[in-house]
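Listed below, chain by chain, are the residues.
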Amino acid sequence: MNFLFKINLQIYIIFLFLIILSLSFYLYFSFDEEIEKINEFRSDVDIINPRFTKEKSNKDNLEVIAKKASFISKNRIFLEGDVKFKSSEFVLESDMVNFNQVSFDASSEEKTFFKSKKLQITSNGFDVKNKGEIINFKGKSNILIQWKYF
């Protein structure tokens, strides 16, 4: 004879009920913790993976990409996480940047990497003005110029 048929039916039902109840509590609290983690990540950030594009006067685009953004004021935004300023002529990378979404002016006090076709610059910060036409580098900087002889 089967072992389950020997057990009293009421004990069997109570045992199954307790297993189902404990499993549902476990699943409820495990999903609840994950939902709180997602809300925590999103609560301190206004925009996730922001992307801004501005057309410059010479028909070239300046694109700004980051992982997170928080509004400081109506036009000022604080960008975090692999912030990149891209155009066809250069790429400028830093971790934390203050950015004006209207004028595309930006500044940072963090380590900065600039790369163009013949020039690489690492510095301790930067200022971008005039939609990327003027870039000032701050602090100790290393400059590498690639020179080709004809």
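This structure is a prediction, so every number in the text was calculated from the model and none was measured.

This part takes up the side chain of Ser87. Assignment of secondary structure puts Ser87 in the loop between strand 5 (76–86) and strand 6 (90–100). A distance of 3.1 Å separates the side chain of Ser87 from the backbone nitrogen of Glu89, its partner in a polar contact.

Before going further, it helps to spend a moment on a nonpolar patch on the surface. Taken together, Ile14, Phe17, Leu18, Leu21, Phe25, Tyr28 and Phe29 make up a surface patch of nonpolar side chains, about 750 Å² in accessible area. Checked against the element boundaries, Leu18 lands in helix 2 (residues 9–43).

This part is about the nonpolar core. Counting residues in each nonpolar core, the largest one holds 20 residues, and the members touching the most others are Leu79, Phe85 and Phe99. Looking at this core, the elements with two or more residues in it are strand 3 (61–65), strand 5, strand 6 and strand 10 (126–129). Leaving out residues up to four positions away in the same chain, Phe99 has contacts with Phe52, Val64, Asn75, Arg76, Ile77, Leu79, Phe85, Phe104, Asp105 and Ala106.

What follows deals with the packing of aromatic side chains. Applying the stated criterion across every chain, the model contains five aromatic pairs. With centroids separated by 5.2 Å and ring planes inclined at 40°, the aromatic side chains of Phe52 and Phe99 adopt a geometry described as tilted. With Phe52 in strand 2 (residues 51–55) and Phe99 in strand 6, this pair connects stretches of sequence that are 47 residues apart. Of the two residues, Phe52 and Phe99, neither departs from the other in class, the shared state being buried. Seen from their ring centres, Phe114 and Phe137 are 5.6 Å apart, and the 70° between their planes marks the pair as edge-to-face.

All right, on to unusual backbone geometry then. You will see that Asn49, though not glycine, has its phi angle at about 55°, which is positive. With a phi close to 50°, Asp82 is a non-glycine residue in the positive phi region. On the secondary structure map, Asp82 appears in strand 5. The class of Asp82 is partly exposed, set by a relative accessible area of 41%.

On inspection of all chains with the given rule, the structure shows four salt bridges. With a shortest N-O distance of 2.7 Å, Glu63 and Arg51 are connected by a salt bridge. Residue Glu63 is found in strand 3, and its partner Arg51 is found in strand 2; the two are separated by 12 residues along the sequence. You can call Arg51 exposed: its relative accessible area is 53%. Between Asp82 and Lys67 there is a salt bridge, and its shortest N-O distance comes to 3.3 Å. Taken as a pair, Asp82 in strand 5 and Lys67 in the loop between strand 3 and strand 4 (68–71) lie far apart in primary sequence, 15 residues in all. With a relative accessible area of 45%, Lys67 lands in the partly exposed category.

Here is what the cut-offs are and how they apply
- Residues numbered from 1 in each chain as written.
- Predicted model: local features only at pLDDT ≥ 70, side-chain atom pairs only at ≥ 80, totals over all residues.
- Heavy atoms only, no water.
- Helix = DSSP H or I, 4+ residues; strand = E, 2+ residues; numbered from the N terminus.
- Polar contact = N/O pair within 3.5 Å; in protein donor to acceptor, adjacent residues only side chain to side chain.
- Patch = residues over 30% accessible without salt bridge, like charges linked within 9 Å, V, L, I, M, F, W, Y side chains within 5 Å.
- Areas by Shrake-Rupley, 256 points an atom, 1.4 Å probe, with all protein chains shown as cover.
- Salt bridge = Lys/Arg side-chain N within 4 Å of Asp/Glu carboxyl O.
- Core = buried A, V, L, I, M, F, W, Y, C linked by side-chain atoms within 4.5 Å.
- Buried < 20%, exposed > 50% of the residue type's maximum accessible area, 1.4 Å probe, protein only.
- Contact = heavy atoms within 4.5 Å.
- Phe/Tyr/Trp six-rings, centres within 6.5 Å; stacked < 30°, edge-to-face > 60°.

Nothing here speaks to function; it is geometry throughout.
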